[in-house]
Amino acid sequence: MTAQPDHRDAVPPMRTLAELRTALSVWGLPGDAETFERELAAADLDDLTRVREITQAYRHRVLLRCDPQAMAALMRSTDDVAFELGQKMAERNAR
């Protein structure tokens, strides 16, 4: 698993590709930094829209990783979410 900084409330700077690369190496999920590099290498760098889409996607991954509530939600099992959804639907139908 990727090493995590001590301060979970801090969002790393990601204004440049270098900063994003650093953030991915510290905050990213395993394999994020390598996948980011592969996607960026495969993109036509003259297609700024595609480059922006790639960088934004990985910035959002880092932001999710920095948010403890988001990570807790992502760690829930499918069965747990399905059970909770079923309960909420049953409550709504009972009204």
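Residues numbered from 1 in each chain as written. Predicted model: local features only at pLDDT ≥ 70, side-chain atom pairs only at ≥ 80, totals over all residues. Heavy atoms only, no water.

A. Spotlight on helix H3 (residues 48-66). The first and last C-alpha atoms of H3 sit 27 Å apart over 19 residues, in line with the 27 Å expected at 1.5 Å per residue. Every buried residue of H3 is listed here: Val 51, Ile 54, Thr 55, Tyr 58, Arg 59, Val 62, Arg 65 and Cys 66. On an axial view of H3, the arc spanned by its buried residues comes to 130 degrees, and they lie on one face. In H3, the exposed positions angled more than 90 degrees off the buried face are occupied by Thr 49 and Arg 52. Buried positions along H3 lie against helix H1 (17-27), helix H2 (32-42) and helix H4 (68-75). (Helix = DSSP H or I, 4+ residues; strand = E, 2+ residues; numbered from the N terminus. Expected span 1.5 Å × (residues − 1). Buried < 20%, exposed > 50% of the residue type's maximum accessible area, 1.4 Å probe, protein only. Arc of directions from axis to C-beta. Contact = heavy atoms within 4.5 Å.)

B. Summary view of the side chain of Thr 55. Along the polypeptide, Thr 55 turns up in helix H3. Thr 55 gets classed as buried once you look at its relative accessible area, which sits at 7%. Of the polar contacts made by the side chain of Thr 55, one reaches the backbone oxygen of Arg 52; its length is 3.0 Å. Sequence-distant contacts of Thr 55, defined by excluding residues within four places in its chain, comprise Leu 17, Leu 20 and Phe 36. (Polar contact = N/O pair within 3.5 Å; in protein donor to acceptor, adjacent residues only side chain to side chain.)

C. Quick peek at the packing of H1 against H3. Two elements in contact, H1 and H3, have axes separated by 10 Å at closest approach and are oriented at 40 degrees. By the angle class used here, H1 and H3 are oblique. The handedness of the crossing between H1 and H3 is left-handed. Across from Leu 17, Leu 20, Ala 23, Leu 24 and Trp 27 in H1, the residues of H3 making contact are Thr 55, Tyr 58, Arg 59, Val 62, Arg 65 and Cys 66. Partitioning the contact of H1 with H3 into residue classes produces eight nonpolar, one polar and two charged. (Axes fitted to C-alpha atoms, helices over the stretch in contact; angles between N-to-C directions. Parallel < 35°, antiparallel > 145°, perpendicular 65-115°, else oblique. Left-handed = near helix turned anticlockwise from the far one by under 90°. Nonpolar A, V, L, I, M, F, W, Y, C, P; charged D, E, K, R; others polar.)

D. Summary view of the packing of H3 against H4. Between H3 and H4, whose axes approach to 5 Å, the crossing angle comes to 95 degrees. Taken as axis vectors, H3 and H4 run roughly perpendicular relative to one another. Side by side, H3 and H4 meet where Leu 64, Arg 65 and Cys 66 of the first sit next to Pro 68, Ala 70, Met 71 and Leu 74 of the second. Here the contact of H3 with H4 is built from residues that sort into six nonpolar, no polar and one charged.

E. Spatial organisation of the confidence of the model for the chain. Summarising the model, the chain shows a mean pLDDT of 86, and 91% of its residues fall at 70 or more. Per-element confidence in the chain ranges from a low mean pLDDT of 81 for H4 to a high of 95 for H2. The low-confidence segment residues 1-7, where pLDDT is below 50, has 16 contacts with residues more than four positions distant or belonging to other chains. (pLDDT = per-residue confidence, 0-100.)

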